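Per-entry structural report
Residue-level listing of the chains:
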Amino acid sequence: MEQSARPAARGERYSPVDPRVMDPRQELFDYGRFDEGEMDQIVAVLEAMRAWRAAERRSSEAARRYMKLGETDMRALRFLMAVQRHGDLATPSMLARHLGISTASVTKMMDRLEDQGHLSRRQHPGDRRSTAIEITEDTAAAARRTVGTTHVSRIQAVSELTPEERDVVLRFLTTLAEEEFHSPE
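Every value quoted in this text rests on a predicted model; they were computed, and no experiment measured them. (Residues numbered from 1 in each chain as written. Predicted model: local features only at pLDDT ≥ 70, side-chain atom pairs only at ≥ 80, totals over all residues. Heavy atoms only, no water.)

**Concerning helix α4 (residues 92–99)**
In plain terms, the rule: A simple rule labels every residue: compare its accessible area, found with a 1.4 Å probe on the protein chains alone, to the largest value its type can have, and call it buried under 20%, exposed over 50%, or partly exposed in between. Every helix listed is a DSSP run of H or I at least four residues long, and every strand listed is a run of E at least two residues long, numbered separately from the N terminus. The directions considered for the arc are those from the helix axis to the C-beta atoms. In what follows, a contact means two residues having at least one pair of non-hydrogen atoms within 4.5 Å.
Within the span of α4, buried status applies to Pro 92, Leu 95, Ala 96 and Leu 99. In an axial view of α4, the angular spread of the buried residues amounts to 100 degrees, which keeps them on one side of the axis. Structurally, α4 contributes buried residues whose contacts are with α3 (71–85), α5 (103–115) and β2 (131–135). Among the residues trailing α4, Gly 100 stands out with phi positive, at a value near 70 degrees.

Right, dumping it as structure tokens:
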């Protein structure tokens, strides 16, 4: 049964996430089995996800601008802080693996971040052939003020869910994470 395109649950008439708008012939998704209320709820979830992704991008961009860093630099600093908080020493090869980039690219990035006062390097105490990387206290404090504050609000939102609700959200997000874009061949 073909349903007519209806305004999205959040008032956007031509919502790019509403299958009734984007797939009116139900060629990609059979939504005819859902009533309008269910479809409005499905679209509301998709719209909330879209809004969260947009807020996440804005927050991440604001933190990067505040700290004057690029996306890969921020990912590197978050990883280095996590390693440091656990009492471990990070190495360039660990960082390269985490970021999925070459050690040469990591060396260039470390030079830049060290020049900007974000990290320091020293000889690894357990492996004289390796370098230990540490975040400076100023950078750690700036990250806590920006990224840390945002992360705490996420933790708070999750903590307010019941264990059953967390299970549902976890199953939902895990399913989404397992779905990757596959280009038509």
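More follows now that the structure is in view.
**Structural notes on the side chain of Gln 26**
Formally: Any N or O atom pair separated by 3.5 Å or less is treated as a polar contact, with the protein-specific requirement of one donor-capable and one acceptor-capable atom, and with residues adjacent in sequence counted only for side-chain atom pairs.
Positionally, Gln 26 belongs in the loop between α1 (19–22) and α2 (36–67). Residue classification places Gln 26 among the buried residues on the basis of a relative accessible area of 15%. There is a polar contact of 3.1 Å between the side chain of Gln 26 and the backbone nitrogen of Tyr 31.

**A short note on helix α6 (residues 137–159)**
In plain terms, the rule: Expected span of a helix, by definition, is 1.5 Å for each gap between consecutive residues, and there is one gap fewer than residues. Bending is quantified residue by residue as the angle between axes fitted to the seven-residue window ending at that residue and the seven-residue window starting at it.
With 23 residues, α6 extends just 29 Å between its outermost C-alpha atoms, more than 12% less than the 33 Å of an ideal straight helix rising 1.5 Å per residue. Of all bends in α6, the biggest is about 40 degrees, found at Gly 148. Taken together, the buried positions of α6 are Thr 139, Ala 140, Ala 142, Ala 143 and Thr 146. Contact partners of the buried residues in α6: α2, α3 and β2.

**What to know about the pattern of salt bridges**
Counted only if it meets this: Note on definitions: salt bridges are taken to be side-chain nitrogens of Lys or Arg within 4 Å of carboxyl oxygens of Asp or Glu.
If you walk through the whole model with that rule in mind, you get 11 salt bridges. Ionic pairing is found between Arg 20 and Glu 36, a salt bridge with its closest N-O pair at 2.8 Å. One end of the pair, Arg 20, is in helix α1; the other, Glu 36, is in helix α2, with 16 residues separating them in the sequence. One salt bridge connects Arg 129 with Asp 127, and the closest N-O pair in it is separated by 3.2 Å. The exposure class assigned to Arg 129 is exposed, which follows from its relative accessible area of 78%. Judged by its relative accessible area of 25%, Asp 127 is partly exposed. If you follow the salt bridges from partner to partner, you end up with Asp 18, Arg 20, Glu 36 and Asp 40 in one network.

**Quick word on the packing of α3 against α4**
Rules: Angles shown run from 0 to 180 degrees and are taken between the N-to-C directions of axes, each axis being a line fitted to C-alpha atoms and, for helices, limited to the stretch in contact. The scheme is simple: roughly parallel for angles under 35 degrees, roughly antiparallel for over 145, roughly perpendicular for 65 to 115, oblique for anything else. It is the rotation of the near helix from the far one that decides the hand of a crossing: anticlockwise by less than a right angle makes it left-handed, clockwise makes it right-handed. All amino acids are sorted into three groups, where Ala, Val, Leu, Ile, Met, Phe, Trp, Tyr, Cys and Pro are nonpolar, Asp, Glu, Lys and Arg are charged, and the leftover types, Gly among them, are polar.
As a packed pair, α3 and α4 sit with axes 10 Å apart at the nearest point and diverge in direction by 125 degrees. In terms of orientation, α3 lies oblique with respect to α4. In this structure, α3 crosses over α4, and the sense of that crossing is right-handed. Across from Thr 72, Arg 75, Ala 76, Phe 79, Leu 80 and Val 83 in α3, the residues of α4 making contact are Met 94, Leu 95, His 98 and Leu 99. Residues that form the contact of α3 with α4 fall into these classes: seven nonpolar, two polar and one charged.

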